[in-house]
Amino acid sequence: MKLTMIGTGYVGLVSGVCFAELGNEVICVDAAAHKIDMLNAGEVPIYEPGLKELIASNRAKEQLSFTTDLNEAVGYADIIFIAVGTPSLPNGEANLSYIEQAAADIARAMNGHKIIVTKSTVPVGTNEMIRDLISRNTSHSFAVASVPEFLREGTAVQDTLAPDRVVIGTEDGETLRTLVELHKRLTHHIITTDIRSAEMIKYASNAFLATKISFINEIANICEKVGADVTRVAEGMGYDRRIGSAFLKAGIGYGGSCFPKDTEALIQIAGHVDYEFKLLKSVVEVNNDQRFNVIRKLKEALGPLEGRNIAVWGLAFKPDTDDVRDAPAMDIIQSLLAQGAHVRAYDPIAQANFRRELDHPSITWAEDAWEAAQDSEAVCLLTEWSEFRLVDLNELAAVMKDHVLIDGRNVFGPEQVLLSPFRYYSVGRPDLTHLEQRIAVRNG
Ligand SMILES: NC(=O)C1=CN([C@@H]2O[C@H](COP(=O)(O)OP(=O)(O)OC[C@H]3O[C@@H](n4cnc5c(N)ncnc54)[C@H](O)[C@@H]3O)[C@@H](O)[C@H]2O)C=CC1
Ligand SMILES: O=C(O)[C@H]1O[C@H](OP(=O)(O)OP(=O)(O)OC[C@H]2O[C@@H](n3ccc(=O)[nH]c3=O)[C@H](O)[C@@H]2O)[C@H](O)[C@@H](O)[C@@H]1O
């Protein structure tokens, strides 16, 4: 089939490339000329494992191309996917201006019947708004559908080629058959539904995953006070198939371009129909506070932070991405700076993106984890990049001025910590900072 993808962010680019990989002819279009220039030069504007290779092979097969010319791209295809951003407005609602612009652009460029599919995460009712907007601006026939995207950054290619499910919301039978045909090689789990339910499935899924994270983070906070180990608690809960083990990793809270904005947007969607989503409001509140446990633990270990050298390992909101949108590291570093600390920051991939968002004379940008730790009094591990797991804690201690380790992602095991001089703070695991407890753990 001939497909056009509007927007070459994570969703547009990865889905476009994966549809090409399945044998479709795909044009990806973006209004940002610098992204298209990069893609045409063989570069990839985002860091996503496996993506560069797939782009190269599909361009070589002439299955995939990139352009800024939306007229040409819309004219060429049978199915147009809208994959533009839907960031938060200051009040938490989704900003639909990119969606409206894309819909208006499509309407003007149409040259015959088109299927217009929204992949972007949009509030319930948005596809109907898109249908109205397009019908006011074209005389050609068309159908709309909602096919929300569930990929995760860092594993986007495998998530797209082998999704848990595909949701197709449309009220048009022929459109449904075409979209099922397009997606059936990806999974047997194709859920077909009305448009409004499809739109809601996306928000409900992200909100539920965010709820699991805030839930386990609260359990972790209680574990710290009662002397239980949240990693064992999560394991014990996760074997119950009704609960499941995924998304029960306690840490410094969720970040990224989606959970924070989509939870806020769903609270607003509910509010517009006079429903107060109390549970989700608490999920957000818990998440917004969880990251500051890092600061509390630092103060417990070091006292006032003014003039202290604090190393920060990991700036991306999760490993295997260079995305720093709503990364917990942003708030944590701002808080450190506000308290007069010197920050020595390092991330293997996301450092340049982070620095564009937040730079300060009191931040030293390190070339590697060791340089960040040099002469520091504490290391705060905020993103669980695999290279951090391999660090020998005794070698690390040797380059530091004092030995505080705040492990925001529970990367290190008690056996590594017990043999090191660190005053170690994890999330929801038994306190290893006092000698008697260390000896008790060591003796089993
Ligand atoms: N990032 C992710 O992992 C996921 C994102 N989503 C949703 O997918 C949507 C897109 O997200 P991202 O890919 O992260 O967005 P993004 O903001 O990274 O990229 C959107 C792209 O669309 C382009 N664009 C905007 N208006 C345009 C127009 N009228 N014509 C042509 N290009 C235009 C922008 O220049 C930009 O390159 C959002 O609604 C998001 O919530 C859904 C699942 C996963
Ligand atoms: O709508 C979206 O954009 C996407 O949002 C998330 O994907 P993503 O944000 O890429 O990454 P996740 O792996 O979900 O992680 C989100 C955040 O939660 C945190 N997290 C995740 C899992 C966990 O157990 N604990 C935890 O703290 C991560 O560190 C990260 O900060 C969803 O997982 C995707 O299904 C969805 O498509």
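Bear in mind that the values here come from a model prediction, so they are computed numbers and not experimental data.

What counts as what
Residues numbered from 1 in each chain as written. Chains lettered and ligands numbered in written order. Predicted model: local features only at pLDDT ≥ 70, side-chain atom pairs only at ≥ 80, totals over all residues. Helix = DSSP H or I, 4+ residues; strand = E, 2+ residues; numbered from the N terminus. Buried ≥ 20, exposed ≤ 12 C-beta atoms within 10 Å, placed from the backbone. Near = placed C-beta within 6 Å. Nonpolar A, V, L, I, M, F, W, Y, C, P; charged D, E, K, R; others polar. Axes fitted to C-alpha atoms, helices over the stretch in contact; angles between N-to-C directions. Parallel < 35°, antiparallel > 145°, perpendicular 65-115°, else oblique. Left-handed = near helix turned anticlockwise from the far one by under 90°. Contact = placed C-beta atoms within 7 Å. Domains from an automatic or database assignment. Core = buried A, V, L, I, M, F, W, Y, C linked by C-beta atoms within 7 Å. Pairing = 2+ DSSP bridges. Expected span 1.5 Å × (residues − 1). Arc of directions from axis to C-beta. pLDDT = per-residue confidence, 0-100.

Points about the overall build of the chain
Along the chain, the regular secondary structure elements total 20 helices and 14 strands. Taking the principal axes of the C-alpha coordinates as reference, the chain spans close to 75 × 45 × 35 Å. Per-residue burial over the chain gives 45% buried out of 444 residues.

Concerning the site of ligand 1
Taken together, 28 residues form the shell around ligand 1, and within it G7, G9, G85, S120 and T121 come nearest. Those elements that place two or more of their residues in the shell around ligand 1 are α1 (10–21) and α5 (97–109). For the shell around ligand 1, the leading source of residues is α5, giving 4 residues. Class assignment for the residues of the shell around ligand 1 results in 13 nonpolar, 10 polar and 5 charged.

Remarks on the packing of helix α9 (residues 195–226) against helix α10 (residues 230–238)
It is at 9 Å that the axes of α9 and α10 come closest, and there the two elements cross at 135 degrees. Judged on the interaxial angle alone, α10 and α9 are oblique. Considering only the axes of α9 and α10, their crossing is right-handed. Mapping the contact onto sequence places I216, I219, A220 and C223 in α9 and V230, V233 and A234 in α10. Residue composition of the contact of α9 with α10, by class: 7 nonpolar, no polar and no charged.

Some points on the site of ligand 2
Taken together, 20 residues sit near ligand 2, with E153, K249, Y254, G256 and C258 positioned nearest. Considering every element that reaches the shell around ligand 2, the biggest residue donor is α9, with 3 residues. Among the residues forming the shell around ligand 2, the class breakdown is 10 nonpolar, 5 polar and 5 charged. Summarising the domain contributions, the shell around ligand 2 has at least three residues from each of domain 1 (2–193) and domain 2 (202–289).

Description of the environment of I168
Locating I168 in the fold gives a position in strand β7 (residues 166–169). On a C-alpha basis, the gap between I168 and M110 in space is 23 Å, while along the polypeptide they are 58 residues apart.

Looking at the nonpolar core
Formed by 81 residues in total, the largest nonpolar core has its most connected members in I6, I80, F81, I82, I106, I116 and V117. With 9 residues, the single largest contributor to this core is α9. Split by domain, this core shows at least three residues from each of two domains, domain 1 (2–193) and domain 2 (202–289). Those residues in contact with I80, other than ones at most four positions away along the chain, are T4, I6, V74, I106, K114, I116 and V117.

Considerations on the sheet that holds strand β13 (residues 404–407)
Across the sheet, which stays open at both edges, the 6 strands sit in the order β11-β10-β9-β12-β13-β14 with parallel pairing between neighbours. The strands lining the two open edges of the sheet, one partner per strand, are β11 (363–365) and β14 (423–425). Here the strands of the sheet are splayed against their neighbours by 20 degrees on average, with no regard to which way each runs. Relative to strand β12 (residues 378–381), strand β9 (residues 309–313) is paired through 4 bridges, and the arrangement is parallel. Across the sheet, residue I310 finds its bridge partner in β12, namely A378. Sheet strands in contact with helix α13 (residues 293–302) are β9, β12, β13 and β14, and its direction is about 165 degrees off that of β13.

A word on the environment of E371
With respect to the secondary-structure elements, E371 resides in helix α16 (residues 369–373). Note on E371: 14 C-beta atoms within 10 Å, which makes it partly exposed. Spatially, the C-alpha atom of E371 lies 22 Å from that of P328, the residues being 43 residues apart in sequence.

Overview of helix α6 (residues 126–137)
Look at α6: 17 Å from first C-alpha to last across 12 residues, which is about the 16 Å you get at 1.5 Å a residue. Three or more residues of α6 are buried, namely T126, N127, I130 and I134. Along the long axis of α6, the arc covered by the buried residues comes to 95 degrees, so they all point the same way. Among the exposed residues of α6, those pointing more than 90 degrees away from its buried face are D132 and R136. Next to the buried residues of α6 lie α5, β5 (114–118), β6 (142–146) and α9.

Quick notes on the domain arrangement of the chain
Each assigned domain of the chain is listed with its residue range as follows: domain 1 (2–193), domain 2 (202–289) and domain 3 (291–442). Look at where the C-alpha atoms of domain 1 and domain 3 centre, and you get two points 39 Å apart. On the side of domain 3, 7 residues touch domain 1, which itself brings 5 residues to the contact. When its residues are assigned to classes, the side of domain 1 that touches domain 3 shows 3 nonpolar, 1 polar and 1 charged.

A short note on the confidence of the model for the chain
Across the chain, pLDDT averages 96, with 97% of residues at or above 70. Interface confidence for the predicted complex, given as ipTM, is 0.98, next to a pTM of 0.96.

Considering unusual backbone geometry
Note: most residues except glycine have negative phi, and most peptide bonds are trans. One non-glycine residue with positive phi stands out, namely F247, at about 60 degrees. Relative to the helices and strands, F247 resides in the loop between α10 and α11 (259–272). Unlike most non-glycine residues, D320 shows phi in positive territory, near 65 degrees. Position of D320 relative to the elements: it lies in the loop between β9 and α14 (328–338). By C-beta crowding, D320 is classed as buried, having 20 other C-beta atoms within 10 Å.

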